[in-house]
Amino acid sequence: MILRALAFVLDFVHTLFDTDRFFLVDLLAAFARWAIDAVQWEASYAEVWPTGYSLEKHLDVLARKGGVTDAAIEAMRRTLHESFGNLREYLFADVEPFLGGLQAAQIPCFLVSFGDPMWQATKVTRSGLVPFFREIFFTGRVQSKAEVVESLAGRFTQLTVVDNDPRELDLIK
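Residues numbered from 1 in each chain as written. Predicted model: local features only at pLDDT ≥ 70, side-chain atom pairs only at ≥ 80, totals over all residues. Heavy atoms only, no water.

Novice: Before we go on, may I ask you to explain the pairing of strand E3 (residues 135–139) in this structure?
Specialist: Moving residue by residue along a regular strand, the side chains alternate between the two faces of the sheet. Note that strand E2 (residues 109–114) and E3 share 5 bridges and pair parallel. If you follow Val112 over to E3, its bridge partner there is Phe137. Where the polypeptide runs from E2 across helix H6 (residues 117–126) and back to E3, its parallel neighbour, the crossover connection is right-handed. (Pairing = 2+ DSSP bridges. Helix = DSSP H or I, 4+ residues; strand = E, 2+ residues; numbered from the N terminus. Right-handed = clockwise from strand over helix to strand, strands pointing away.)

Novice: Looking at this structure, how should I read the packing of aromatic side chains?
Specialist: Given two aromatic rings, their pairing is described by the distance between the two centres and the angle made by the two planes. Overall, the coordinates contain 17 aromatic pairs when judged by the stated rule. Between Phe31 and Trp41, the aromatic rings sit 6.3 Å apart at their centres with planes inclined by 80 degrees, giving edge-to-face as the arrangement. Here Trp41 lies in helix H2 (residues 38–48) and Phe31 lies in helix H1 (residues 19–32), a separation of 10 residues in the sequence. Neither Phe31 nor Trp41 differs from the other in exposure class; each is buried. Judged by centre distance (5.1 Å) and plane angle (40 degrees), the rings of Tyr45 and Tyr53 are tilted. According to the relative accessible area criterion, Tyr53 is buried, its value standing at 4%. (Phe/Tyr/Trp six-rings, centres within 6.5 Å; stacked < 30°, edge-to-face > 60°. Buried < 20%, exposed > 50% of the residue type's maximum accessible area, 1.4 Å probe, protein only.)

Novice: What is the right way to read H6 from this model?
Specialist: In an α-helix there are 3.6 residues to a turn, and that puts residues three or four apart on one side. Considered for burial, the residues of H6 that qualify are Trp119, Gln120, Lys123 and Val124. The arc that holds every buried residue of H6, seen down its axis, measures 130 degrees, which confines them to one face. Along H6, exposed side chains directed more than 90 degrees from the buried face belong to Met118 and Thr125. In this structure, the buried side of H6 is in contact with H1, helix H3 (55–65), E2 and E3. (Arc of directions from axis to C-beta. Contact = heavy atoms within 4.5 Å.)

Novice: Quick question: what am I supposed to make of the side chain of Asp163 here?
Specialist: As for its position among the elements, Asp163 is in the loop between strand E4 (156–162) and helix H8 (166–172). For Asp163, a relative accessible area of 10% gives the class buried. In terms of polar contacts, Asp163 uses its side chain to reach the side chain of Lys145, at 2.7 Å. Those residues in contact with Asp163 that lie beyond four places of it in its chain are Asp11, Thr15, Lys145, Glu168 and Leu169. (Polar contact = N/O pair within 3.5 Å; in protein donor to acceptor, adjacent residues only side chain to side chain.)

Novice: I'm lost on the pairing of E2 in this one. Help?
Specialist: Of all 6 residues in E2, 6 are buried, a share of seventy percent or more. Both faces of E2 are covered, namely the face carrying Cys109, Leu111 and Ser113 and the face carrying Phe110, Val112 and Phe114.

Novice: Hey, could you run me through the packing of H1 against H2 in this one?
Specialist: For any two helices packed against each other, one specifies the crossing angle of their axes together with the interaxial distance. Contact geometry for H1 and H2: axes closest at 10 Å, N-to-C directions at 115 degrees. Taken as axis vectors, H1 and H2 run roughly perpendicular relative to one another. For H1 against H2, the interelement crossing comes out right-handed. Where H1 approaches H2, its residues Phe23, Leu24, Leu27, Leu28 and Phe31 are matched on the opposing element by Ala38, Trp41 and Tyr45. (Axes fitted to C-alpha atoms, helices over the stretch in contact; angles between N-to-C directions. Parallel < 35°, antiparallel > 145°, perpendicular 65-115°, else oblique. Left-handed = near helix turned anticlockwise from the far one by under 90°.)

Novice: I'm lost on the confidence of the model for the protein chain in this one. Help?
Specialist: Low-pLDDT portions of the prediction should not be read for the details of their coordinates. This prediction gives the protein chain a mean pLDDT of 88; 95% of its residues lie at or above 70. Mean pLDDT across the elements of the protein chain bottoms out in helix H4 (residues 70–83) (80) and peaks in helix H5 (residues 95–104) (97). (pLDDT = per-residue confidence, 0-100.)

Novice: Quick question: what am I supposed to make of the nonpolar core here?
Specialist: Within soluble globular proteins, side chains that are nonpolar tend to cluster in buried spots. One finds Phe22, Leu27, Phe31, Met76, Leu80, Leu129 and Phe133 to be the most contacted residues of the largest nonpolar core, which totals 38 residues. Where this core is concerned, the elements lending two or more residues are strand E1 (4–11), H1, H2, H3, H4, H5, E2 and H6. Among the elements that take part in this core, H1 stands out by supplying 6 residues, more than any other. Beyond its immediate chain neighbours, meaning those up to four positions away, Leu129 contacts Phe12, Leu16, Leu91, Val95, Leu99 and Val124. If you look at the next biggest cluster of nonpolar residues, it comprises 8 residues, including Val9, Val148, Leu152 and Phe156. (Core = buried A, V, L, I, M, F, W, Y, C linked by side-chain atoms within 4.5 Å.)

Structure (structure tokens):
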């Protein structure tokens, strides 16, 4: 087997994608249109997150908790999917130039992200990042990115990992 010299493994959420602006500003404001206040939103988010967040799971929790009719949930689902069809604006400003430079230099890039795989795939696709990555990995288990990195490590002499979560980086080391 021939080893390549260098590759990058990049996290998506909070590293390439401005998750705080997306969730804590714009998505929260969208939920507020249906009289779901910040306290209710945060409580339902906290219930969903450990299982790998998705917008669908969040809406399901709100519906299950009551106070939101099925018709309202369907309206929310439709509106939220339409409102957030293009997520490129949530990429940090330096992401596309950085990835473009790596691509031009033919340095392989891999994406790994924790969360509901379908929801993560939707966000990555809608942000326009798919063409920059050789492979994309989504994991629904907390602190399982190290397994992905380990599976890639034998293919490269140097694997650079960028993640915002120091716990993940400690596991990867």
